[in-house]
Amino acid sequence: MGVNLQYELYLLLGGLLIISALYSSVGHGGASGYLALLSLSSYGLMSSVWLKQHVWVMNVVVASIAFFHYYKAGYHKLKLTMPFILASIPMALLGGMLTINGNLYDLLLSITLVWASYKVVNFKSKKISKNPLPSTVEPYLWGGGIGFFSGLIGVGGGIFLSPILLLKGWADVKTAAATAALFIVANSISGLAGTAISGNLDLDLSLLSMFLITISLGGYVGSKFGAKHASNSLVRKLLAIVLIVAATKRIIELF
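Residues numbered from 1 in each chain as written. Predicted model: local features only at pLDDT ≥ 70, side-chain atom pairs only at ≥ 80, totals over all residues. Heavy atoms only, no water.

(A) Representation of the overall build of the protein. Looking only at helices and strands, the protein features 11 helices and zero strands. The proportion of buried residues among the 255 residues of the protein is 51%. Intrachain contacts of the protein at a sequence separation of at least 6 include 87% that bridge at least 24 residues. Working note: accessible area of the protein is about 11,600 Å², and carbon and sulfur atoms make up 69% of it. (Helix = DSSP H or I, 4+ residues; strand = E, 2+ residues; numbered from the N terminus. Buried < 20%, exposed > 50% of the residue type's maximum accessible area, 1.4 Å probe, protein only. Contact = heavy atoms within 4.5 Å. Areas by Shrake-Rupley, 256 points an atom, 1.4 Å probe, with all protein chains shown as cover.)

What follows is the structure, encoded as structure tokens:
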């Protein structure tokens with residue numbers, strides 16, 4: 001490995017550490033952040049299929065750690081989570097078997113994420129706490145739609161699910177983090193399964209092992225802080241930062 005590539009790898013690992021800590025603090029796996037970092041490195045020359053399967057593996061690890069901390073802290077509600085997961089698994093599997101390309105989609109996604117981040121920051125906690133858990137088919141529709149698009153673009157879907165849970169009033173920020181974490185694990189595994197079924201699974205295990213060690217450390221520190229020490233207001237602001245970072249990354253890709 002050349003000197004320049006070594007420096008690039010060190011910088012990349014440092015970035016992955018920060019991204020995994022930030023995303024896991026709000027129950028996310030970090031896929032959009034990982035994709036942004038990889039796209040700025042020499043690995044950005046790899047195919048989208050190669051990128052998203054490595055990101056999914058990282059997602060599973062970090063989101064699992066995040067779920068452990070939020071579940072242990074008592075924020076997970078199984079009745080809230082299951083409708084989203086049951087609908088998302090087959091759709092994420094289907095999405096993982098397909099590929100997608102299009103600047104219009106990136107633009108619309110960026111606008112959505114910016115809007116969601118604004119609404120999350122300005123949302124009132126007391127309004128969320130008064131609303132009941134969803135009892136209609138709506139969670140299944142959201143879960144299926146998010147699962148499909150997550151499979152297409154190579155993320156776990158938490159970045160879409162968290163603001164929906166908050167804006168619909170179905171969860172407070174920490175319950176939303178717990179739900180998103182388990183949702184991301186299920187979606188990422190389904191996406192990987194879809195990639196394997198389509199015959200496109202090709203993991204660089206030596207590189208991936210370095211990534212996983214780094215993000216496991218970041219994920220542990222970030223999720224433990226988010227679940228045990230951060231206030232609801234701080235976690236909500238961290239979520240908004242995550243959404244803005246993801247939106248900015250999408251916008252940059254258009255130019």
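(B) A look at the nonpolar core. By size, the foremost hydrophobic cluster in this structure holds 53 residues, and its most contacted members are Tyr34, Leu38, Met58, Leu165 and Phe211. In terms of residue count, the dominant contributor to this core is helix α3 (residues 48-72) (eight residues). Other than its neighbours up to four places away in sequence, Phe211 contacts Leu9, Leu12, Leu13, Leu16, Leu38 and Met58. (Core = buried A, V, L, I, M, F, W, Y, C linked by side-chain atoms within 4.5 Å.)

(C) Structural detail: a nonpolar patch on the surface. Side chains of Leu17, Ile18, Leu217, Tyr220 and Val221 sit close together on the surface and give an oily, nonpolar patch of about 480 Å² of accessible area. Broken down by secondary-structure element, the contributors of at least two residues to the nonpolar patch are α1 (3-24) and α10 (205-228). Within the secondary structure, Ile18 is located in helix α1. Given the relative accessible area of 59%, Ile18 is considered exposed. (Patch = residues over 30% accessible without salt bridge, like charges linked within 9 Å, V, L, I, M, F, W, Y side chains within 5 Å. Salt bridge = Lys/Arg side-chain N within 4 Å of Asp/Glu carboxyl O.)

(D) Structural detail: the packing of α3 against α10. Direction vectors running N to C along α3 and α10 enclose 30 degrees, while the axes themselves pass 8 Å from each other. Crossing of α3 over α10 shows right-handed handedness. Here Trp50, His54, Val57, Met58, Val61, Val62, Ile65, Ala66, His69 and Tyr70 of α3 lie close against α10, whose contacting residues are Leu207, Leu208, Phe211, Leu212, Ile215, Ser216, Gly219, Tyr220, Ser223, Lys224, Gly226 and Ala227. A per-class count over the contact of α3 with α10 returns 15 nonpolar, six polar and one charged. (Axes fitted to C-alpha atoms, helices over the stretch in contact; angles between N-to-C directions. Left-handed = near helix turned anticlockwise from the far one by under 90°. Nonpolar A, V, L, I, M, F, W, Y, C, P; charged D, E, K, R; others polar.)

(E) Up close: the environment of Gly33. Here Gly33 is to be found in helix α2 (residues 31-39). Each C-alpha atom of the pair Gly33 and Tyr23 lies 8.2 Å from the other, and the pair is 10 residues apart in sequence. Ignoring sequence-local partners within four residues, the contact set of Gly33 consists of Ile19 and Tyr23.

(F) Quick peek at the pattern of salt bridges. One pass over the full model with this rule turns up one salt bridge. A salt bridge links Lys168 to Glu138, with the nearest nitrogen and oxygen atoms 2.7 Å apart. Taken together, the residues Lys168 in the loop between α8 (158-167) and α9 (173-197) and Glu138 in helix α7 (residues 138-153) connect sequence positions 30 residues apart. Given a relative accessible area of 26%, Glu138 falls into the partly exposed group.

(G) Seen up close, the confidence of the model for the protein. Across the protein, the average pLDDT comes to 84, with 84% of residues at or above 70. Looking across the protein, the model is least confident in helix α6 (residues 125-130), with a mean pLDDT of 49, and most confident in α10, with 94. (pLDDT = per-residue confidence, 0-100.)

(H) Representation of the environment of Gly219 in the model. Mapped onto the secondary structure, Gly219 falls in helix α10. Sequence separation between Gly219 and Gly27 is 192 residues; the distance between their C-alpha atoms is 9.3 Å. Once you skip the residues sitting within four places of it in the chain, Gly219 turns out to touch Ser20, Ala21, Ser24, Val62 and Ile65.

(I) Quick peek at the packing of α8 against α9. For the pair α8 and α9, interaxial distance at closest approach is 9 Å and the crossing angle is 150 degrees. Between α8 and α9, the angle is such that the two are roughly antiparallel. Helix-helix and strand crossings are classified by hand; for α8 and α9 the assignment is right-handed. Contact with α8, carried on its side by Gly158, Leu161, Ser162, Leu165 and Leu166, involves Val173, Ala176, Thr179, Ala180, Phe183 and Ile184 of α9 and no other residues of that element. Of the residues in the contact of α8 with α9, the class split is eight nonpolar, three polar and no charged. (Parallel < 35°, antiparallel > 145°, perpendicular 65-115°, else oblique.)

(J) Examining α2 more closely. Extensive coverage of α2 is indicated by the burial of seven of its nine residues. Those residues of α2 not exposed but buried are Ala31, Ser32, Gly33, Tyr34, Leu35, Ala36 and Leu38.

(K) View of α9. Here α9 is 25 residues long and its end C-alpha atoms lie 36 Å apart, about the 36 Å a rise of 1.5 Å per residue gives. With respect to burial, α9 is a largely interior element, 20 of its 25 residues being buried. Measuring from the side-chain oxygen of the N-cap residue of α9 to the backbone nitrogen of Lys174 gives 3.3 Å; that N-cap residue is Asp172. (Expected span 1.5 Å × (residues − 1). Polar contact = N/O pair within 3.5 Å; in protein donor to acceptor, adjacent residues only side chain to side chain.)

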